[in-house]
Amino acid sequence: MSTNNFAWITSFKGLLTKKENDDIIVDQILIPKIQRDYAQGRNDYKTRRIRNRFLESLFDALQNDTSKAEELDFIYGERQESHPGMRASKWWFNPLDGQQRLTTLFLLHWYVSKKAQVPDAECNFLSNFTYDTRESSKLFCAELTSCDYHPDFSLPIDEQIMDESWFPESWKDDPTIASMLTMLRTIDDKYRNLDKESMSDIWRRLTDPGHEKILFHCLLVGEMGMTDSIYVKMNSRGKQLTNFEHFKAELEKAITIVENTVKGKKEDQDSEIGEYAQIFSRKIDTVWTDLMWSYRNKKHDFDKSRYMSNGVDEMLIGLISKYFTLLCYRIPEHVADAEIDPIEQIPFLIDKANAEDSLAMVQNLEKTLDFFYNNKSIFSEYLTNNECDILTSVGGDLPSGSIAYLRSCGNKMSVRNLIMLYAFFLLATHEEEVRPYFSDRMRILRNLAWNSTDSLREANMPTLLEQVESVIVKGDLDFGVGPGFNGLQVKQEKEKQKWFESHPAEKDRIIRLENHRLLCGNVNPVFSEWDDTVKIQNADKFIKLFKSECNFELIEAALLSIGDYAYRNRWRTIFGGKQEWIWRDELFVLGNQATQPVLSTLLDKLSECDESELNTVINDYLSLEREVFDWRYYFVKHRGMRHGKSGVYWWHDRNYPYEVIMMDTPKSLKGYHWNPFLFTLSKKINNSKIENYKSPLSLPGEKFSLRCFNSQYVLEGASEKITFDIPQEGGLDKIDRIDWILSVLKEKGYIA
């Protein structure tokens, strides 16, 4: 190997093996206490991808004698003498960077040596690698490299090691050991079926002096007088001062490789940054940084020490990364790469093997970023946060409260926001053909995205993005079968489009209705059929009725005065309650056919849509002469029946209409819940008490408690139980059971 003072190219065995005329002696590699645990064996998705990619590069280099050697770039560390001045002193190499690679090389050498049955004398240098981070890690390395340990590979190697008598159960909790076992299992998966002869060939390619297939540059920093800042500039990936510069350097390198490949340059000419890569890099530093500057975090603008902590670099990396992520989802062989680290995506997408396609992709990325730079007001041209606007409202969906999706690129984005951003990417790359229709198509996409919540999952992204492209580029809603946008909303969009063709003057009124905060594109609660029976004035009335800070409780009572408008979702019956989000996300939903007829009738009765008119509707209903009092009457008449914030109820059996539970939380009975009749009585009987979990009503003095059933009340005391049968006909009350039981209890002296 080539040696130059205190920087040289070597192999793992070469670092630990004294050769003739060597000026540098390293007796042992010691991972010092200051280093973190071994991490390349972790089992999260990102690490698995990095591990597999790194191992594949090593496996490729070891495949045969003609394989190209793999150079792992710089491993940076310092050399220390264990016992200075003593005859038994040794030189330790403490890696400051390269710990992960060295550990993986150690494990690879160990596995191959055992599988190839290499004599102990030939592989005893492995015992000179150890960890000082934890005592258990040090002991594990010692046991692995012991001359007495020769696994027979009858089990997967990690299982066999954990089954050894010297392996205590507690070692499984050591993160370094756990990662080492995972790495060994991954290596075992590759080489398990190879015979001794094949493994001996691999051992030779690892260790044969002058012919090793895996090499690295070793730097002894202390003895070279190097500082950490110099190291940073010489690190294996170059210019790694920040994540931003690291990302940019990897991008430059990948673009250069494909650019030179397209130009027919030889591989050894790839080292200098290419002409196009320079243009791309310059735009990152100038115009595209300027693009993101307006979205910066301005709170540090006047703090010199924190001025650069404004998020611009993160947003720009994020924007390019989002482009890569969406591209991965559109390429079947790269779907699995969509969620990995942005830097790890680069070699998968900008690939020398597909140089022309890769270069075209980068040029499209450039075109997209240039489009955003040249159209800085593009988001405000088509989007708004304002309710019932003619522009497409995204209603504060972005965490930043902005309508500019670029501002959120520095953070993880929801699937919904990603597909909205993708629409703008498509506009950038298909501007001439798309822009004249983009406003309408963007509105349709918002309607689909906001009403397909159950489908908006990462697993469905390939289909969703295909459908986004169909809508934005082609204006086509005829999707194939697949886990994409909600079919009911797709059907509604088609019907609206057809209706607009014959009613163009009314389109803006429907668009404003779509942009209502409770509908978000789904206008089914107002219009269920798109024909000449559409009462367009109801669009305006809905907007007036459900104005900001509207009285949901009064609207609920008015609707119940018209009819049973509840949406029954499995075991829950949903009326809306006092919380806006429940009306939007639980009641005004696709598939709910019960609400629209009742709401339409209510809107027909209103003109100003104010509280006075709502009270008139309610009073008219209550003043009707009636022979029976159904459950709906009680809900309208007695406010306590609608006390729960959620507006969600549970009828165990609809054949018993008066046995119902009022829920305070919308989806679970683990929250507060009451019998609504008893709760109403608790507000009418002074000094009575009711607990929050379907408890009976405790009467004043707490000697008696009252329960309510479908056809009777039951009064229970310490030693007595009294039943009061409610007058009914055909299973329905002939009297107001709340007023009636109050009279009975007063008459019998149970309450004052």
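Model, not experiment: these values are computed from the prediction.

A. Examining the packing of helix H16 (residues 355–374) against helix H18 (residues 415–429) more closely. At a minimum axis separation of 9 Å, H16 and H18 run at an interaxial angle of 100 degrees. Viewed along their axes, H16 and H18 adopt a mutual orientation that is roughly perpendicular. Across the interface between the two elements, Asn364, Lys367, Thr368, Phe371 and Phe372 of H16 pack against Phe424, Phe425, Leu427, Ala428 and Thr429 of H18. The residue makeup of the contact of H16 with H18, split by class, is 6 nonpolar, 3 polar and 1 charged.

B. Structural view of the pairing of strand S3 (residues 28–31). The alternating pattern of S3 places Gln28 and Leu30 and Ile29 and Ile31 on opposite faces, both of which are buried. Of the pairings in the sheet, the one linking S3 to strand S5 (residues 91–97) comprises 2 bridges and is parallel in character. Within S5, the position partnered with Ile29 by the bridge is Phe93. When S3 meets strand S6 (residues 129–131), the two strands line up parallel, connected through 3 bridges. Pairing of Leu30 across the sheet is with Thr130, part of S6.

C. Representation of the layout of surface pockets. Of the pockets and cavities examined, the second largest pocket occupies roughly 820 Å³. The wall of the second largest pocket is formed by 35 residues, among which Trp450, Asn451, Thr453, Arg584 and Asp585 lie closest to the centre. When residues of the lining of the second largest pocket are traced back to their parent elements, those giving at least two are helix H20 (438–450), strand S10 (567–569) and helix H26 (580–587). The element that contributes the greatest number of residues to the lining of the second largest pocket is H26, accounting for 5 residues. Partitioned by chemical class, the residues of the lining of the second largest pocket number 10 nonpolar, 12 polar and 13 charged.

D. Region of the structure containing empty space enclosed by the protein. Taken as a whole and judged by the stated rule, the model has 1 cavity of 30 Å³ or more. Approximately 30 Å³ is the volume found for the largest cavity. Leu291, Ser294, Tyr295, Phe372, Asn375, Lys376, Ile378, Phe379 and Leu406 together form the lining of the largest cavity. The residue inventory of the lining of the largest cavity, partitioned by class, reads 6 nonpolar, 2 polar and 1 charged.

E. Summary view of the side chain of Asp174. Looking at the element boundaries, Asp174 is found in the loop between helix H6 (157–162) and helix H7 (175–191). Here Asp174 is buried and forms no salt bridge, its nearest opposite-charge partner Arg134 lying at an N-O distance of 4.2 Å. In this view, Asp174 contacts Arg134, Ser136 and Ser137; residues no more than four positions away in its chain are not counted.

F. A look at the pattern of salt bridges. Under the counting rule described, the total for this entry stands at 43 salt bridges. Across the salt bridge formed by Arg185 and Glu159, the nearest N and O atoms sit 3.5 Å from each other. With a gap of 26 residues between them, Arg185 in helix H7 and Glu159 in helix H6 connect regions that are remote in the sequence. For Arg185, a relative accessible area of 26% translates into the label partly exposed. A residue is classified by how much of its surface remains accessible, and Glu159, at 37% relative accessible area, is partly exposed. It is possible to trace a salt-bridge network through shared partners that takes in Asp158, Glu159, Arg185, Asp188, Asp189 and Arg192.

G. Local environment of the packing of aromatic side chains. Following the criterion strictly, the structure yields 57 aromatic pairs and no others. Relative to Phe635, the ring of Phe575 has its centre 5.7 Å away and its plane inclined at 50 degrees; by these criteria the two rings are tilted. Residue Phe575 is found in the loop between strand S11 (572–574) and H26, and its partner Phe635 is found in helix H29 (residues 631–637); the two are separated by 60 residues along the sequence. Grouping aromatic residues by their ring pairs yields a cluster made of Tyr323, Phe371, Phe372, Phe379, Tyr382, Tyr405, Phe424, Phe425 and Phe438. Between the NZ or CZ atom of Arg416 and the centre of the ring of Trp450, over which it lies, the distance is 4.2 Å. Geometry around Tyr621 places Arg626 over its ring, the cationic atom sitting 4.8 Å from the centre.

H. Representation of the sheet that holds strand S19 (residues 721–725). The strand order S15-S16-S17-S18-S19 describes an open sheet built from 5 strands, whose pairing is antiparallel. Strands with a single pairing partner mark the edges of an open sheet, and in this sheet they are strand S15 (689–690) and S19. Two strands pair when backbone bridges link them, and S15 and strand S16 (residues 697–698) are joined in this way by 2 bridges, in the antiparallel orientation. Residue pairing across strands places Lys689 opposite Ser698, the latter belonging to S16. Relative to the sheet, helix H30 (residues 676–684) contacts S15, S16, strand S17 (705–708) and strand S18 (712–716), its axis offset from that of S17 by approximately 140 degrees.

I. Spatial organisation of helix H31 (residues 737–747). Within the sequence span of H31, burial applies to Arg737, Ile738, Ile741, Leu742, Val744 and Leu745. In an axial view of H31, the angular spread of the buried residues amounts to 165 degrees, which keeps them on one side of the axis. With a side-chain oxygen lying 2.9 Å from the backbone nitrogen of Ile738, the N-terminal cap of H31 falls on Asp736. Downstream of H31 by one or two residues, Gly749 has phi in the positive range, about 85 degrees.

J. Inspection of the confidence of the model for the chain at higher detail. Per-residue pLDDT for the chain has a mean of 88; in total, 91% of the residues score no lower than 70. Here residues 83–88 is modelled with pLDDT under 50, and outside its nearest four sequence neighbours on either side it reaches 4 contacts, counting other chains as well.

K. Layout of the side chain of Thr182. For Thr182, the position within the fold is in helix H7. We classify Thr182 as buried; its relative accessible area is 17%. In this structure, Thr182 is in contact with Gly41, Asn43 and Arg51, ignoring residues within four places of it in sequence.

L. Spotlight on the nonpolar core. Formed by 82 residues in total, the largest nonpolar core has its most connected members in Phe324 and Phe379. With 81 residues, the next largest nonpolar core counts Leu560, Leu602, Phe704 and Cys708 among its residues.

M. The arrangement of unusual backbone geometry in detail. In this structure, Cys520 is a non-glycine residue whose phi angle is positive, near 50 degrees. Take Cys520: it is sitting in the loop between helix H23 (507–514) and helix H24 (537–545). We classify Cys520 as buried; its relative accessible area is 16%. With a phi close to 65 degrees, Asn687 is a non-glycine residue in the positive phi region. Position of Asn687 relative to the elements: it lies in the loop between H30 and S15.

Conventions adopted
- Residues numbered from 1 in each chain as written.
- Predicted model: local features only at pLDDT ≥ 70, side-chain atom pairs only at ≥ 80, totals over all residues.
- Heavy atoms only, no water.
- Axes fitted to C-alpha atoms, helices over the stretch in contact; angles between N-to-C directions.
- Helix = DSSP H or I, 4+ residues; strand = E, 2+ residues; numbered from the N terminus.
- Parallel < 35°, antiparallel > 145°, perpendicular 65-115°, else oblique.
- Contact = heavy atoms within 4.5 Å.
- Nonpolar A, V, L, I, M, F, W, Y, C, P; charged D, E, K, R; others polar.
- Buried < 20%, exposed > 50% of the residue type's maximum accessible area, 1.4 Å probe, protein only.
- Pairing = 2+ DSSP bridges.
- 1 Å grid on protein atoms, 1.4 Å probe; cavity = no way out; pocket = protein on both sides within 12 Å on 5 of 7 lines; lining within 4 Å.
- Points joined across faces, edges and corners; volume = space filled by probe spheres on them.
- Lys, Arg positive; Asp, Glu negative; His and termini not counted.
- Salt bridge = Lys/Arg side-chain N within 4 Å of Asp/Glu carboxyl O.
- Phe/Tyr/Trp six-rings, centres within 6.5 Å; stacked < 30°, edge-to-face > 60°.
- Lys NZ or Arg CZ within 6 Å of the ring centre and 35° of its normal.
- Arc of directions from axis to C-beta.
- Polar contact = N/O pair within 3.5 Å; in protein donor to acceptor, adjacent residues only side chain to side chain.
- pLDDT = per-residue confidence, 0-100.
- Core = buried A, V, L, I, M, F, W, Y, C linked by side-chain atoms within 4.5 Å.

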